[in-house]
Amino acid sequence: MENTKICQRCAMPMEKAEDFSTQADGSKNEDYCCYCYENGAFLYPKATMEEVIEGCLPHVVPDVFADEAAAKSAMNKYFPTLKCWKKTGMIISFKLKDGVSTEDFLTASDKIQESYLSKCKGFLTRQLMIMDGVWTDWVIWETLPDAQNSMGESEENDAAKVFTSLIGEVLEYSLYPLERSY
């Protein structure tokens, strides 16, 4: 079991091909098991780490852990080290549409921050930077699902619609597990 991959959400060992999940294009995803992730998305995107641990308990007690208390204790220590439960940095680099002023964009940015982002589950901090006409919006989330949920839910927010309507070419959109803060 030395080379066995571990699901980065529920810690399930992934030993057989059918244990692995798939990306939206049908390719194999090596980070998450088939019970947590499918077709490029989490199956239960709003589940908290505590809820995932509760769902795992029947599968590890008594086979792996002697009792529920021992299992919960070990999982509460281990799960925060998994990719899914680490703080996540979302980086979006873009250029504004032609004719959009910095002032108008910053006003829209303030509104999305106040009416939407600051109220999202798991939002921690945000930095907005510009260099040579390229903007970078850097947001730190409590967990990867929080970051992903924020994007899907933003489609319903009026301030988010205005903000995104000012963006032209998107140069990068990435999610990264946060390893360390200083």
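Our structure's up above, just so we're on the same page.
Just so it is clear, the structure is predicted and the values come from calculations on it, not from any experiment.

Calculation rules
- Residues numbered from 1 in each chain as written.
- Predicted model: local features only at pLDDT ≥ 70, side-chain atom pairs only at ≥ 80, totals over all residues.
- Heavy atoms only, no water.
- Buried < 20%, exposed > 50% of the residue type's maximum accessible area, 1.4 Å probe, protein only.
- Helix = DSSP H or I, 4+ residues; strand = E, 2+ residues; numbered from the N terminus.
- Pairing = 2+ DSSP bridges.
- Contact = heavy atoms within 4.5 Å.
- Polar contact = N/O pair within 3.5 Å; in protein donor to acceptor, adjacent residues only side chain to side chain.
- Arc of directions from axis to C-beta.
- Core = buried A, V, L, I, M, F, W, Y, C linked by side-chain atoms within 4.5 Å.

1. A closer look at the pairing of strand β7 (residues 88–96)
Part 1 of the argument: With eight of nine residues buried, β7 lies mostly within the body of the structure.
Part 2 of the argument: Two elements, β7 and strand β10 (residues 167–177), share eight bridges in a ladder whose sense is antiparallel. Across the sheet, the residue bridging to M90 is L175, located in β10.

2. Notes on the side chain of S150
Part 1 of the argument: Looking at where S150 falls in the secondary structure, it is placed in helix α4 (residues 144–154).
Part 2 of the argument: A relative accessible area of 3% places S150 in the buried class.
Part 3 of the argument: Beyond its immediate chain neighbours, meaning those up to four positions away, S150 contacts M90, Y116, C120 and W141.

3. Quick look at the environment of E172
Part 1 of the argument: With respect to the helices and strands, E172 occurs in strand β10.
Part 2 of the argument: Accessibility expressed as a relative area gives 28% for E172, which makes it partly exposed.
Part 3 of the argument: Discounting chain neighbours no more than four positions away, the residues touching E172 are I91, I92 and S93.
Part 4 of the argument: Within polar-contact distance, the side chain of E172 engages the side chain of S174 at 3.0 Å.
Part 5 of the argument: Polar side-chain contacts of E172 include one of 3.2 Å to the side chain of Y176.

4. Structural notes on the side chain of N149
Part 1 of the argument: Relative to the helices and strands, N149 is located in helix α4.
Part 2 of the argument: Judged by its relative accessible area of 15%, N149 falls in the buried class.
Part 3 of the argument: Those residues within four positions of N149 in sequence are excluded, and the remaining contacts are P45, K46 and Y116.

5. Quick look at helix α5 (residues 158–165)
Part 1 of the argument: All of the buried residues in α5 are A159, A160 and F163. One face of α5 carries all of its buried residues, which in axial projection span an arc of 95°.
Part 2 of the argument: Between a side-chain oxygen at the N-terminus of α5 and the backbone nitrogen of A159 the separation is 2.9 Å; the capping residue is N157.

6. Section: the nonpolar core
Part 1 of the argument: By size, the foremost hydrophobic cluster in this structure holds 24 residues, and its most contacted members are C7, C10, M75 and F79.
Part 2 of the argument: For this core, the secondary structure elements donating two or more residues are β4 (28–33), α1 (49–60) and α2 (68–78).
Part 3 of the argument: Leaving out residues up to four positions away in the same chain, F79 has contacts with R9, C10, A11, M49, V52, I53, C56 and W85.
Part 4 of the argument: Among the nonpolar cores identified, the runner-up in size contains 20 residues, and M90, L96, L117 and A147 belong to it.

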